[in-house]
Structures are given as structure tokens and as C-alpha cells.
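Survey of secondary and tertiary structure
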Amino acid sequence: MGVVDMTNPPTKDFFASPALSLSLAGIFRDAGATAAAAASMEVEEGDEGSGGGGEGGGSGNKKDDTVEISSENSGPARSRSEDDLLDHDDDDDDDADKTKKKKRKKYHRHTADQIREMEALFKESPHPDEKQRQQLSKQLGLAPRQVKFWFQNRRTQIKAIQERHENSLLKNELEKLREENKAMRETINKACCLNCGMATTAKDGSITAEEQQLRIENAKLKAEVEKLRTVIGKYPSGASGSCSAENDQENRSSLDFYTGIFGLEKPRIMEIVNQAVEELQKMATAGEPLWVRSVETGREILNYDEYVKEFSVENSSNGRPKRSIEASRETGVVFLDLPRLVQSFMDANQWKEMFPCIISKVATVDVICHGEAPNKNGAVQLMFAELQMLTPLVPTREVYFVRYCKQLSAEEWAIVDVSIDKVEENIDASLVKCRKRPSGCIIQDKPNGHCKVIWVEHLECQKSVVHTLYRTIVSSGLAFGARHWMATLQHQCERLVFFMATNVPTKDSTGVATLAGRKSILKLAQRMTWSFCHAIGASSYHTWNKVTSKTGEDIRVSSRKNLNDPGEPLGVIVCAVSSVWLPVSPTLLFDFLRDESRRNEWDIMSTGGPVQSIANLAKGKDRGNAVTIQAMKSKENSMWVLQDSCTNAFESMVVFAPVDITGIQSVITGCDSSNMAILPSGFTILPDGLESRPLVISSRHEKSNDTEGGSLLTIAFQILTNSSPTAKLTMESVESVNTIISCTLRNIKTRLQCEDD
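The shown structure was predicted, so the numbers you read here are calculated from the model rather than taken from an experiment. (Residues numbered from 1 in each chain as written. Predicted model: local features only at pLDDT ≥ 70, side-chain atom pairs only at ≥ 80, totals over all residues. Heavy atoms only, no water.)

Turning our attention to the packing of helix α16 (residues 515–536) against helix α18 (residues 661–668). Between two packed helices, what matters for the description is the angle formed by their axes and the separation of those axes. Remark: α16 packs on α18, axes separated minimally by 7 Å, with the N-to-C direction vectors making an angle of 130°. With respect to each other, α16 and α18 are oriented oblique. Residues Gly-517, Ser-520, Ile-521 and Leu-524 of α16 lie in contact with α18, whose contacting residues are Ile-664, Val-667 and Ile-668. Tallied by class, the residues present in the contact of α16 with α18 amount to five nonpolar, two polar and no charged. (Axes fitted to C-alpha atoms, helices over the stretch in contact; angles between N-to-C directions. Helix = DSSP H or I, 4+ residues; strand = E, 2+ residues; numbered from the N terminus. Parallel < 35°, antiparallel > 145°, perpendicular 65-115°, else oblique. Contact = heavy atoms within 4.5 Å. Nonpolar A, V, L, I, M, F, W, Y, C, P; charged D, E, K, R; others polar.)

On to the packing of aromatic side chains, then. Taken as a whole and assessed by the stated rule, the structure comprises 17 aromatic pairs. Each ring, one from Phe-122 and one from Trp-150, has its centre 6.3 Å from the other, and the planes form 85°; the classification is edge-to-face. Of this pair, Phe-122 sits in helix α3 (residues 112–124) while Trp-150 sits in helix α5 (residues 144–189); the two residues are 28 residues apart in sequence, bridging distant segments of the chain. What makes Phe-122 buried here is its relative accessible area of 12%. One aromatic cluster in this structure is built from Phe-345, Trp-351, Phe-355, Phe-401, Trp-455 and Trp-485. Just above the ring of Phe-401 sits the side chain of Lys-436; from NZ or CZ to the centre is 4.9 Å. Residue placement shows Lys-519 over the ring face of Phe-499; its charged tip is 5.6 Å from the ring centre. (Phe/Tyr/Trp six-rings, centres within 6.5 Å; stacked < 30°, edge-to-face > 60°. Buried < 20%, exposed > 50% of the residue type's maximum accessible area, 1.4 Å probe, protein only. Lys NZ or Arg CZ within 6 Å of the ring centre and 35° of its normal.)

At the junction of Glu-288 and Pro-289, the peptide bond is cis and its omega measures out at 10° in the coordinates. Even without being glycine, Asn-448 reaches a positive phi, approximately 60°. Relative to the assigned elements, Asn-448 resides in the loop between β9 (439–445) and β10 (451–462). You can call Asn-448 exposed: its relative accessible area is 67%. Positive phi, normally seen in glycine, also occurs at Gln-753, with a value near 55°.

Turning our attention to the pattern of salt bridges. Enumeration over the complete set of coordinates arrives at 24 salt bridges. Glu-310 is the partner of Lys-282 in a salt bridge, and the nearest nitrogen-oxygen pair spans 3.8 Å. Of this pair, Lys-282 sits in helix α9 (residues 266–285) while Glu-310 sits in helix α10 (residues 304–311); the two residues are 28 residues apart in sequence, bridging distant segments of the chain. Judged by its relative accessible area of 43%, Glu-310 is partly exposed. Of the charged contacts in the structure, one is a salt bridge between Arg-397 and Glu-326, with a shortest N-O distance of 2.8 Å. Taken together, the residues span a long stretch of sequence, with Arg-397 in strand β6 (residues 397–409) and Glu-326 in strand β3 (residues 323–334) at a distance of 71 residues. In this pair, the class of Arg-397 matches that of Glu-326, namely buried. When salt bridges that share partners are traced, they join Arg-403, Asp-417, Lys-436 and Glu-457 into one network. (Salt bridge = Lys/Arg side-chain N within 4 Å of Asp/Glu carboxyl O.)

Here the focus is the sheet that holds strand β14 (residues 571–582). An order of β11-β15-β16-β17-β18-β19-β20-β14-β13-β12 is seen for the ten strands of this open sheet, with the pairing classed as antiparallel. This sheet does not close on itself; its edge strands, each paired only once, are β11 (509–510) and β12 (545–548). The pairing of β14 with strand β20 (residues 711–722) spans eleven bridges and is antiparallel. Its bridge partner being in β20, Ala-576 is matched across the sheet by Phe-717. The sheet contacts of α18 involve β16 (626–633), β17 (638–647) and β18 (652–659), and relative to β17 the element is tilted by about 50°. The sheet strands contacting helix α19 (residues 731–751) are β12, β13 (554–562), β14, β19 (681–687) and β20, and the helix crosses β20 at an angle near 145°. (Pairing = 2+ DSSP bridges.)

Looking at the element boundaries, Arg-323 is found in strand β3. On a C-alpha basis, the gap between Arg-323 and Lys-433 in space is 8.7 Å, while along the polypeptide they are 110 residues apart.

Of all the positions in helix α4 (residues 130–140), only Arg-133, Leu-136, Ser-137 and Leu-140 are classed as buried. Buried residues of α4 fall within an arc of 100° about the axis and therefore sit on the same side. With respect to the buried face of α4, the exposed residues turned more than 90 degrees away are Lys-131, Gln-135, Lys-138 and Gln-139. Of the residues flanking the start of α4, the one acting as N-cap is Asp-129, its side-chain oxygen 3.3 Å from the backbone nitrogen of Lys-131. At the C-terminal side of α4, Gly-141 shows a positive phi close to 75°. (Arc of directions from axis to C-beta. Polar contact = N/O pair within 3.5 Å; in protein donor to acceptor, adjacent residues only side chain to side chain.)

Turning our attention to the pairing of β20. Counting buried positions over the twelve residues of β20 gives nine, a clear majority of the element. One ladder, built from six bridges, connects β19 with β20; its direction is antiparallel. When the sheet's bridge partners are listed, Phe-683 is paired in β20 with Ile-715.

So, about the confidence of the model for the chain. Across the chain, the average pLDDT comes to 75, with 70% of residues at or above 70. Low pLDDT, under 50, characterises residues 692–707; the stretch is placed with five contacts to residues that sit more than four places away or in other chains. (pLDDT = per-residue confidence, 0-100.)

Turning next to the nonpolar core. Grouped together as the largest cluster of nonpolar side chains are 85 residues, with contacts concentrated most on Trp-351, Phe-355, Ile-443, Trp-455 and Tyr-470. When sequence neighbours within four positions are dropped, the list of residues in contact with Trp-455 reads Ser-328, Arg-329, Glu-330, Phe-345, Phe-355, Gly-440, Cys-441, Ala-482, Trp-485, Met-486 and Leu-489. (Core = buried A, V, L, I, M, F, W, Y, C linked by side-chain atoms within 4.5 Å.)

A few words now on the side chain of Asn-377. With respect to the helices and strands, Asn-377 occurs in the loop between β4 (359–369) and β5 (380–387). At 2.8 Å, the side chain of Asn-377 and the backbone nitrogen of Gln-407 are in polar contact. Those residues in contact with Asn-377 that lie beyond four places of it in its chain are Gly-371, Glu-372, Cys-405, Lys-406, Gln-407 and Trp-413.

Looking now at the state of the cysteines. According to the stated counting rule, one finds zero disulfides in the structure shown. Cys-451 provides the cysteine sulfur closest to Cys-493, a residue in no disulfide bond, and the two sulfurs are 8.4 Å apart. Look at Cys-493 and you get buried, because its relative accessible area is 1%. (Disulfide = S-S within 2.5 Å.)

Across the twelve residues that make up β10, a large majority, ten, are buried. The pairing of β3 with β10 spans twelve bridges and is classified as antiparallel. Bridged to Ser-328 within β10 is Glu-457. The pairing of strand β8 (residues 434–436) with β10 spans three bridges and is classified as antiparallel.

Right, here's the structure in full:
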């Protein structure tokens, strides 16, 4: 067997995939509603537009000698009404101008106690009434108008923070739309495929369809531009669309942004992330007594008492709901060179593509420090991520954290994530469910393009209700722990190596004659798997409705409309998902579902007919990691199916989709597959999390075949119910997809002899 040729390093981007269209509008919807309400109240109370959006109110814990200036007296942006608070002698006309000039230079500084009290009331009531203001002014020794202006400016500040976030997100979306628009124009202008010279589009109807898609994209782009102009119009200094204006935006984001979002200034943020790197290094290298290996499971367990002693951790749970601590550590070797691995962590899109089964949403909210180009040493950025499991039964975890990239030595780097207090509250108070204590990985460069990675995952999570099927695997910390991240990283890096290989053995690439054809098939399979992972999680992208089938299965159903994505069929799409426990080992279940010779035992679409293998492409050292093209023939017609099977130390997947025969044949020859519509269905398999150890110790040793325990099987089917995007979902469509799931589950249980009693 040949070896993988690593002499030609891969390009910067892993795969050519559709641009990530990510919007956190849903995250800010509650904050936006609050801001709108604040605006309407401000009109009733007075001219709040005159209140400046300063930095006040966010640093009440500073020392007395550097007490922060309240927002209504924080510099040039203070309101004209503040001057009325100064003690002018209006009766003395001669000295009025001089007195006014002198007193304009005075700044009233609120004390730390005053700011703390006003902040406390602000959290309870952003719009205090006259009675509350009077009471607070007497308590703090301030004039009622001072209290009123402080609250007005605090509301304006919060509103400006939220609008700045929306502005950043809109800019990112605008860039993506421009790229998509450019790519679509290039596609239309191309008359043939560069690889084979064959025509890629027809001269008649398909051109009209492409033009129609282009018009839709242009309309969407115009709408986003108008929305962006509206938002930018609220910031006169950044109204220009030039590059210099973008630089100005970055430069002026430092002081008021950091003190508004973090409640901290940049030097303090850098101090926190450097402390986090030191903690991560100790957590990654320490042995006992900090980490103790479990006799029952063989996994490392954090000795939390020792952790508190070592790092002087304060009790951060005061006044918060009960939280659980999850800590795990995993070490492994990945087949990827260090610069590309570091880049994949610092680029949000590449990070999401590297972990599609864990990350459902990701965004770089703000770049605090750009670091040294091109290796990103010293880069610091605020990020948001929504973490998922591949089932709608487990709630997602939303987390804000600061990611820091630091070179420790010539051959060692650290990528550390840490949550900073009050960030979630200042952006969206509903997102305090999960926080990261210093987590991340230490990456050590090894010969031949390999890297040793030590991954530490340390989370503080608010306790929530989890479905009984997944309660054990979630509460044990396996679901979002270091083992899951490491297994996924190793699998994706190995897949990339096989994708870029040029000397693939013949037995690992049957049915495809050219290297270009192999790469086109692997790209299509990767896109299919990404789409599948995106469709079946509990992300806020989806709205799941619970239904019960006639045979008693608990099924979740959601629907969506595809208006212009060429990667999926246009129209109304229904997705149905069901998760069950089976008393079968994960390995046995995976081998059964991926085996093409046994497909007709469970697939009701095959009508019991034979399945023929058209192509088989290896994409990993494990024989279960492969992409296959299968032909299912019946008396009426013939159907080809593209299947992507994946397995690693944590989970396994079998993803498949029917494909157009003519289209897949052109892809096999090396044609571009990015515009080939595909709608995936499939299975995900997890161990149930229950360790198969005897509950009592006995001198009798009985043989058992259940050493691997049971499996958690999630089955998902997607169908196109109507090719018109304007059509409505019907109950017949829901019943149809439910029937497919029920029959498939029944066939699997029957063949594996695990029917319900």
C-alpha cells in the first residue's frame, strides 16, 4: 500500500464550500426589543438624544482615585442639559460668561458607591419613575436631574452597543453576499467545465434559472445594503464606505467598546488572557494530584479541591442559578502542519468547518488585537459559538469567550479560550447558560507535518433539563468534552490528508479514474455531511415540533423553504428526526448501516432489490471512513445514492442522499459539484455513556458479549414536499416522512434482533 504524499501542502482553505451565512439577529432580538422600548420611553421623559454614549456605568469596581466619570459627564458627548446643573448665578449678567466658562471645565465624578447603586437599580428597572429617581437621589446625595440623565445615557449606551454589533454582523453578511454574487456571475459566464471541457449548463431553460437566481441575490444584496446604510447613518464618523473609514471604526472601537462590553479596558483583558495561558499550560501538563485516572472508566478526572488550591479560584456562583463544572483532558496526534492548524482555530469559518458536528453557529464579534501577521501570534478576539449535539433532544450551549493565540516557543503554540465576566450580560442577558474557564489546546510541532495536541475543556454550565436518553452522556461531560473535540479534529485532519493525496492506492479509489474526479466526489460528500449536521441539531435555526408516530416513536419535525440555494432542491423541505436506544454495540450498528450489501434489509426505498457498488473512495485509515456511490435497480427505474460513512473514537455517522445519475457521472469525471442539488438523510451513532462494568466483585468470571454497552441511534430523513417555495406544509407530507422513519426503525430492530418486548 502506498503512502500519502505530503510534499504538496494543501491550499489555505480546506474545501470550496458555500459561504457561511451566519446572523446573530436572533441572539439580539430580545436586546433589540428592549432598546426600542427604551427609545420610546426616552421621548416621553425628555430630550434623551442629547445624552452621550460614554463609558460610564460599567466600571464601578475601580479604585477611588480613578473613579469613572458618569456617562452624562464623560467628555464632549455630554448633554447640553448638564450645564443647567452647574450653579450659575443667573442674576449676575456681568459675570455670567466668565462663570459659565469656568464651570464648563468642571466635571462631576460619581463615586464608586453611587455608580454601584444606580447600576443595581438599572438592572431591575431601566426606566425608573419620578418617585424612584427622587428616592435614589436622596440616598446618593445627587440632584434628581443628575440621576435622570445618568439613566438616560446608560440606556443610550446599551442601545449603541447593540447597534454596533448589528453593524458588524451586517458588514460581514454584506461581504458574503458580494462574494456569492461574484461567484454566480462567474458561473453564468462559464460555458464549459475547466477539467473536462464538457458543457456545464444548457443553452435554454437553465440559463433563465441562473439569471433568476442572480436577480434574487441582487435583490437580497440591495436590501442588506439599505439596512446597513440605515445602521451606519447613526454613526456619522463612520458613514463613509472607504477603507479608511473601516480603519477608523477599528481604531475608535478600543476604549468605549471595551469598557461598554467587557467592563474592562484592553490592558486588563490582556492580563486575563495571559493568566489563562498560564493556567492552560498547567492544566495540560500536570499529573496527580490535579488529574486522577478513573479505575472504572480509564478517563482522567479533575480533582477540583486541588484545582481550587492551585489556582486560587473564587466562588463565582454567588447569586447565580446552580451550575455544574465539566473538566476533561485528551491528548492525540493530528495529521496537519502547525501553521494551518493554528489558522483553522483563528478563522471562524474554518473552525466551524473543522467541527461541523459540534458547532452550529460561530462569529467573531470583535478583534481586540490582530496579532503578528501571518502567524497570528498575539491575536485576541471576542467570539460567539453555539454548540450542539446531532439530535434535537439536547439543548444547544451558547457561549461568549475571548480566544487568544500565543507562541510559547519555536515549536509550541497555545490556543486558549476564556469567558470574561459580564460580557454575556452586556450583550444579551439571556445567554449566561455556559461559560468557559481557561480551555483550549497546546499544539506541539512534530516532524513530517504532524502535530501533538493536548486539549483541555473546562466549562461552567447552568443546569438544564436533558432528555433521559442523553442525560448520562451529557452529565458525564462526554458530550461537549475534550474527547469529542479531539476525535473530531483527528478525523477531519485525516480526511483532509486523504483529500489532498496524489498517490492513492488503487484499492482505495475504485470506480473513479482521475484524481480530479476523486476530489470532486469527496467535496460533494463533505458538503452533504455538513448539510446533514446543520439540519438535525437543536440550533435556533430550526423550530422542532413533537409528533408521535402510529408505532409509538417520538419524532421531531421541522420544515424550511429553500428559495435560492443551488446546493439543495428548491421548494419546501421537511426534516423528521427520532432518537432511540438500542441494545447493540455502536461498532456493530455502524457496520450494519454502512454495509451496502445489507442496505435492502433496512432501506424501504430500495424495495428489497440488489445494490451495486459504482465507486468506493477511502478517506481515512479506518475502513469505515469511506465515500461510496451505490446503484439500486428495480423493475421501474434505477436510483443512484451517494453515501458518506464516518467513524471516530467518539461517534459514527452514515449520511446518504439520492443523486441525479447524469449529474453524478459528470462529477466522477472531475466536473465541479458545487451547484449539484443534494438533500441528505442518515444516522448518527453514539455510545450510551454507561460503562459496562460489574456492579459487584466476584471470584466467578462469566463471559459477556456486552463489553461495549448499548447505542444511541438518531435517524433523520429529509424530503422535498413541494418544488414551489410558496407552497404550504401539509399533514400528508408530515405523515409520509414519519412513516419512513417508523418503517426504517422497525426494519433495523428486526434485523438486529432487538425488537421491543
